Amino acid sequence: MGRVEPKQVVLWLAVAAIVVFCLFPFYWLINTSLKSGADLSGAALLPPTPTLDNYTSIFEDDNFTMALRNSAIIAGSVTALSLLIGSFAGYALARLHLPFKFLILAIVLSISTFPPIAIAAPVFELWTDIGLYNTYLGLILPSLAFGLPLTVYILASFFRDIPRELEEAAMVDGASRFQAFRKIVVPLGAPGVVTAGLLVFIFVWNEFLFAITLTSTPERRPVPAAIAFFTGSQQFEIPLGTISAASVVVTVPLIVLVLIFQRRIVAGLTAGAVKG
Amino acid sequence: MEAGAARLPRRRRRSVFRGEHRLGAAMLAPSLAVIGLVAAYPIFYAIWLSLNEYSVITPGLSRFVGFDNYSEALGSSQFWDAMKTTVLFTVISVGLELVIGLAMALVMHRAFRGRALLRAVVLVPWAILTVVTAITWRTIFEPELGFVNTMLNTLGLPGGDIVWLGEEGYALAVMIFADVWKTAPFMALLLLAGLQGIPDELHDAAKVDGASGWQRFRRITLPLLVPAITVALIFRTLDAMRIFDLPYILTKGANGTETLSLIAQEELVTNRNTGLGSALSVLTFLTVMGVSFLYIRFIGGNIRALTED
């Protein structure tokens, strides 16, 4: 070592290019969010007079704080529900002797490939008829239907890797099958539960089509829909500064999750893809 | 005596099986109920809605019109334009994502300090909401104050006066660009997992035989990566064909960025034209189903491995 090899230089240049490619746009968003007034109309790479005005103004805006609350409620509920009922289904498919398991899992997975618009249209009509339009439950259910296939698939593959003997030992000691599932399989499959939970949470937090189709008021509108409807104090002008600030605020929690759980997330993303 | 001894365990086994069936049915029921109620049933309901015409003036008033909505949809230039845009968007963006994603994966596969950090950095675009992605790129391509035009003007390059999202062709290009930015890293991670599955010994042996880097890439890496590439392509094609949020925020479908999902949603929610909107949704569904079928066929081996006893 010691001398710099040309190959190394090329590698580091490539790494630098990837980092800039991935991070610059988000940096630009943060940069814009710290500008106000005349600064906004210059492409300065650093805000000439950095200000938190945009951040104070979005947190004074009820529409934004309500959207944060709505998204937290909806994404939280969908994640919890899909882990609960998805772990049952994942266990049944991975471990129990049942007929048609292949068919069931294939159908469940094919649901996740449906275009959401094909669901949104009839669900919009149904919800208007039965009073679920513009309610939390009305948004939770469709997202749950789309989050479940992934949850079931990931959990089934994690549960399958847990040695059967552990369950059998518990059952010899008098535990029922369901107790063995709850006390042995779920705790040992915890990494899979975390992975599935993260992916579902991020998926629901990001969901847009149901969010704008199935809600009509700020009281129920989740973050992506609220951002789409964002209008600043001045009408007819895109409020660049505040929109950027709002975008940064809703993105930071996800980036923190991704940085902490990087390994788990990559494992989950590739689970459905590479084995074969 | 012997027959009795043989029968007993068998009967007990059958009762164990029956108990397991009952438990299995109970454990599957909630998931299947949700999926059936909110995903499978609506598809059939959409087909029914699409065969009717609905009065805009009197809510609830409708009449059966057979395939009228479909002939209207299939006879409209709007549908075929949206189909063209969707296919063009899918082919170009997924193609670029594959090339860029593969390049990124090859870099990330090299051993260097900070590799784990790079993998986290690469997840950032993936973690950013699509709506925010759209806003970010809209901000960057803003005609007067955007980064791109200011840069072009400062550097004295042509194009600094282009209204990127206001012109056909450019608008679609920005949309493709935004999609590539958000999902090429995802593609890279899928391909990286594939690369990690290729044994080092193969490369070492080829090196001993005097194969160049390019030869090893062509003859070893690429062929062994085909399964990973195929799944990544199917995954991304499914998503690209359903694209909705990106064009909705960038242009609301103006200037040649109207996709299938977008026209269906517009017809349904904005125009309150339930029949035609449902027909368009069903057509979108059928278009995507071909790719879904490929996906299920391709991961069939995984499903079988997970569900076999």
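Residues numbered from 1 in each chain as written. Chains lettered and ligands numbered in written order. Predicted model: local features only at pLDDT ≥ 70, side-chain atom pairs only at ≥ 80, totals over all residues.

Focus: the overall build of chain A
The criterion, for reference: Only DSSP runs of H or I covering at least 4 residues are called helices, and only runs of E covering at least 2 are called strands; the numbering of each starts at the N terminus. Each residue is classed by its C-beta neighbour count within 10 Å, where at least 20 other C-beta atoms makes it buried, 12 or fewer makes it exposed, and intermediate counts make it partly exposed; the C-beta atoms are placed from backbone geometry. We call two residues in contact if the C-beta atoms placed from their backbones are at most 7 Å apart.
In terms of regular secondary structure, chain A is built from 13 helices and 0 strands. Put simply, chain A runs from its N terminus to its C terminus through helices and strands in the order α-α-α-α-α-α-α-α-α-α-α-α-α. Projected onto its principal axes, the C-alpha positions of chain A cover 75 × 70 × 30 Å. Across the 276 residues in chain A, those meeting the buried criterion constitute 49%. A fraction of 75% describes how many contacts in chain A between residues 6 or more apart in sequence connect residues 24 or more apart.

Notes on the overall build of chain B
As a reminder, the rule being used: Taken over C-alpha atoms, the radius of gyration is set against a globule rule of 2.2 Å times the number of residues to the power 0.38.
Along chain B, the regular secondary structure elements total 13 helices and 2 strands. In terms of overall dimensions, chain B is more spread out than a globule: its C-alpha atoms have a radius of gyration of 26 Å, far above the 19 Å expected for 309 residues. Summarising its shape, the C-alpha atoms of chain B cover approximately 100 × 75 × 30 Å along the three principal directions. The buried share of chain B, reckoned over its 309 residues, is 42%. Partitioning the intrachain contacts of chain B with sequence separation of at least 6 by distance along the chain shows that 71% fall at a separation of at least 24.

Regarding the domain arrangement of chain A
Residues and elements named next belong to chain A. This is how it is decided: Residue ranges for the domains trace back to a domain assignment, done automatically or taken from a database. Residues are grouped as follows: Ala, Val, Leu, Ile, Met, Phe, Trp, Tyr, Cys and Pro are nonpolar; Asp, Glu, Lys and Arg are charged; every other residue, Gly included, is polar.
We note that the domain assignment places domain 1 (1-51) and domain 2 (56-271) within chain A. A C-alpha centroid distance of 32 Å is found between domain 1 and domain 2. Facing 7 residues of domain 1, the contacting portion of domain 2 comprises 6 residues. Classifying every residue of the side of domain 1 that touches domain 2 by side-chain character gives 3 nonpolar, 3 polar and 1 charged.

A short note on helix α9 (residues 213-241) of chain B
Residues and elements named next belong to chain B. Spelled out, the test is: In this scheme, a helix's expected span is set at 1.5 Å multiplied by one less than its residue total. By definition, a residue's bend is the angle between the axes fitted to the seven residues ending there and the seven starting there.
For α9, built from 29 residues, the straight-helix expectation of 42 Å at 1.5 Å per residue is missed by more than 12%, its first-to-last C-alpha distance being only 36 Å. Of all bends in α9, the biggest is about 50°, found at Val 226, and the proline Pro 227 comes one to four residues later. Those residues of α9 that are buried are in contact with α3 (77-109), α7 (170-196) and α12 (274-298).

Let's talk about the confidence of the model for chain A
Residues and elements named next belong to chain A. For clarity, the cut-off: As a per-residue measure, pLDDT tells how confident the predictor is, with possible values from 0 to 100.
Averaged over every residue, the pLDDT of chain A is 88; residues scoring 70 or more account for 93%. Mean pLDDT across the secondary structure elements of chain A bottoms out at helix α13 (residues 262-271), with 80, and peaks at helix α3 (residues 62-95), with 95. Contacts of residues 232-236 to residues separated by more than four positions or lying in other chains number 4 contacts, the stretch itself having pLDDT below 50.

Some details on the interface of chain B and chain A
Taken together, the contact between chain B and chain A spans 87 residues of the former and 89 residues of the latter. Sorting elements by how many residues they give to the side of chain B that touches chain A places helix α1 (residues 2-50) of chain B first, with 18 residues. When the residues that make up the side of chain B that touches chain A are grouped by side-chain class, the tally is 59 nonpolar, 20 polar and 8 charged.

A look at the nonpolar core
Inclusion rule: For this entry, the nonpolar core is defined as buried Ala, Val, Leu, Ile, Met, Phe, Trp, Tyr and Cys residues connected by C-beta atoms within 7 Å.
Counting 163 residues, the largest nonpolar core has Ala 188 and Leu 190 of chain B as its most contacted members. With 17 residues, α7 of chain B is the single largest residue contributor to this core.

Let's talk about the packing of helix α1 (residues 6-33) of chain A against helix α12 (residues 240-260) of chain A
Residue and element names in this part refer to chain A. Counted only if it meets this: Geometry is summarised by axes, namely lines fitted to C-alpha atoms with helices restricted to the contacting stretch, and by angles between N-to-C directions that run from 0 to 180 degrees. Any angle from 65 to 115 degrees is called roughly perpendicular, while one under 35 is roughly parallel, one over 145 is roughly antiparallel, and all others are oblique. Put simply, a crossing is left-handed when the front helix is turned counterclockwise from the back one by less than a right angle, and right-handed when it is turned clockwise.
Viewed as axis vectors pointing N to C, α1 and α12 meet at an angle of 125°, and their least axial separation amounts to 7 Å. Between α1 and α12, the interaxial angle falls into the category oblique. Crossing of α1 over α12 shows left-handed handedness. Contact residues: α1 offers Leu 29, Ile 30, Thr 32 and Ser 33, while α12 offers Leu 240, Gly 241, Ser 244, Ala 245, Ser 247 and Val 248. In terms of residue class, the contact of α1 with α12 is made up of 5 nonpolar, 5 polar and no charged.

Regarding the domain arrangement of chain B
All names here are of chain B. With domains assigned, chain B is organised as domain 1 (2-50) and domain 2 (75-307). Taking only C-alpha atoms, the centre of domain 1 and the centre of domain 2 are 38 Å apart. Domain 1 puts 5 residues into the contact, and the matching count from domain 2 is 7 residues. Class assignment of the residues belonging to the side of domain 1 that touches domain 2 gives a composition of 4 nonpolar, 1 polar and no charged.

Some points on α3 of chain A
An ideal rise of 1.5 Å per residue puts 50 Å on 34 residues; α3 of chain A measures up with 48 Å between its terminal C-alpha atoms. Of all the bends in α3 of chain A, the largest measures some 30° and sits at Gly 86 of chain A.

A closer look at unusual backbone geometry
Not every positive phi belongs to a glycine, and Asn 134 of chain A is a case in point at roughly 60°. Its place among the elements puts Asn 134 of chain A in the loop between α5 (116-130) and α6 (136-160). Take Asn 134 of chain A: there are 16 C-beta atoms within 10 Å of it, and that puts it in the partly exposed class. Unusually for a residue other than glycine, Arg 272 of chain B sits at a positive phi of about 55°. Topologically, Arg 272 of chain B is positioned in the loop between α11 (260-270) and α12. By C-beta crowding, Arg 272 of chain B is classed as exposed, having 11 other C-beta atoms within 10 Å.

Details of the environment of Ile 18 of chain A
In this structure, Ile 18 of chain A sits in helix α1. Ile 18 of chain A has contacts with Met 104, Val 107, Leu 118 and Val 122 of chain B, leaving out every residue within four places of it along the chain.

A short note on the confidence of the model for chain B
All names here are of chain B. With 94% of its residues at a pLDDT of at least 70, chain B reaches an overall mean of 87. Across chain B, α3 holds the top mean pLDDT of 95, while α1 sits lowest at 79. For residues 1-8, every residue scores under 50 in pLDDT, and the model assigns this stretch 0 contacts once sequence neighbours within four places are set aside. Here the prediction assigns the complex a pTM of 0.89, and the interface score ipTM is 0.87.

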